[in-house]
Amino acid sequence: MVFGLFKKKEPVKVTIKSTGDEFMCEPGELLMKAALRNKIAWPLSCKVGSCGSCRATILEGEGKYPPSPCDPVMILYKEEMDKGMVIACQWTPTTDIVVDVEVGAEGDKRGMV
Ligand code: FES
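Residues numbered from 1 in each chain as written. Predicted model: local features only at pLDDT ≥ 70, side-chain atom pairs only at ≥ 80, totals over all residues.

Participant: Hey, could you run me through the sheet that holds strand 2 (residues 22-25) in this one?
Facilitator: Working definition: the strands of a sheet are paired by backbone hydrogen bonds and lie parallel or antiparallel to each other. Strand order in the open sheet formed by 5 strands is 2-1-7-3-5, with mixed pairing between adjacent strands. In the strand order of this sheet, the two ends are held by strand 2 and strand 5 (85-87), each with one partner. Between one strand axis and the next, the sheet turns by 40 degrees as a mean value, whatever way the strands run. Here strand 3 (residues 55-60) runs beside strand 5; their pairing, made up of 3 bridges, is antiparallel. When the sheet's bridge partners are listed, arginine 55 is paired in strand 5 with isoleucine 87. (Pairing = 2+ DSSP bridges. Helix = DSSP H or I, 4+ residues; strand = E, 2+ residues; numbered from the N terminus. Axes fitted to C-alpha atoms, helices over the stretch in contact; angles between N-to-C directions.)

Participant: Would you explain unusual backbone geometry in this entry?
Facilitator: Most peptide bonds take the trans configuration, and most residues that are not glycine carry a negative phi. Look at lysine 39: it is not a glycine, yet its phi comes out positive at around 65 degrees. Of note, lysine 39 is situated in the loop between helix 1 (31-37) and strand 3. Accessibility expressed as a C-beta count within 10 Å gives 9 for lysine 39, which makes it exposed. Backbone geometry at lysine 47 places phi at a positive 65 degrees, although glycine is not the residue there. Within the secondary structure, lysine 47 is located in the loop between helix 1 and strand 3. (Buried ≥ 20, exposed ≤ 12 C-beta atoms within 10 Å, placed from the backbone.)

Structural data, given as structure tokens:
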């Protein structure tokens, strides 16, 4: 299993449930950044984890928040996090995911902008 430690990380597939759009997210790439690179009209505003506009719910798959000076989970209510909601401009998938997001919407800014 030592060789597994050196295994190259692969891109993961992101599927948007509402539109059926699919795109690849590079290892360590933030979800919203990958969406924008693929011309998806992801709701956004600040892009730094402080407004909450980019919220999305992960229906399948897993991911993580890389180290950041912001604490994006301060924007989310516990019930939302329990349902899989993430701040997409600060979160990166680590497996293939299916996500629920309102593509094309302006986004509901709830944090400080
Ligand atoms: S765009 Fe503002 S928190 Fe993500």
